[in-house]
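# Architecture at a glance
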Amino acid sequence: MESLIWILAGALILISVWAAQCVSQWWLLLAILVGGYLVVSGFTGFCPVQKFLRKKLGEKENDHDEIDD
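Here the structure is a predicted model, which is why all the values come from computation and not from measurement.

With that settled, the discussion passes to helix H2 (residues 28-44). The terminal C-alpha atoms of H2 lie 24 Å apart, and with 17 residues this matches the ideal 24 Å at 1.5 Å per residue to within 8%. The elements touched by buried residues of H2 are helix H1 (2-22). Positive backbone phi, approximately 80°, marks Gly45, located one or two places after H2.

Structure follows, in structure tokens:
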């Protein structure tokens, strides 16, 4: 699950950089938002995208692939 979120975030950043070059520089806002969210999620540990994907994929909350400290 975690790798899926990293792939999605990386793809969104790459798409926004490409769109900023080809369409409009306003697309860089998407890269800034995704990057900022990754930083916040790293500090807080809360990720609504993960919660959304678990709900859509039918995975239970207890079946997570995080490592407990």
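Moving on from the coordinates now.
What follows concerns a nonpolar patch on the surface. Together, Leu8, Leu12, Tyr37, Phe46 and Val49 give the surface a local cluster of nonpolar side chains, amounting to about 390 Å² of exposed area. For Leu12, a relative accessible area of 31% gives the class partly exposed.

Reading the values: the criteria
Residues numbered from 1 in each chain as written. Predicted model: local features only at pLDDT ≥ 70, side-chain atom pairs only at ≥ 80, totals over all residues. Heavy atoms only, no water. Helix = DSSP H or I, 4+ residues; strand = E, 2+ residues; numbered from the N terminus. Expected span 1.5 Å × (residues − 1). Contact = heavy atoms within 4.5 Å. Patch = residues over 30% accessible without salt bridge, like charges linked within 9 Å, V, L, I, M, F, W, Y side chains within 5 Å. Areas by Shrake-Rupley, 256 points an atom, 1.4 Å probe, with all protein chains shown as cover. Salt bridge = Lys/Arg side-chain N within 4 Å of Asp/Glu carboxyl O. Buried < 20%, exposed > 50% of the residue type's maximum accessible area, 1.4 Å probe, protein only.

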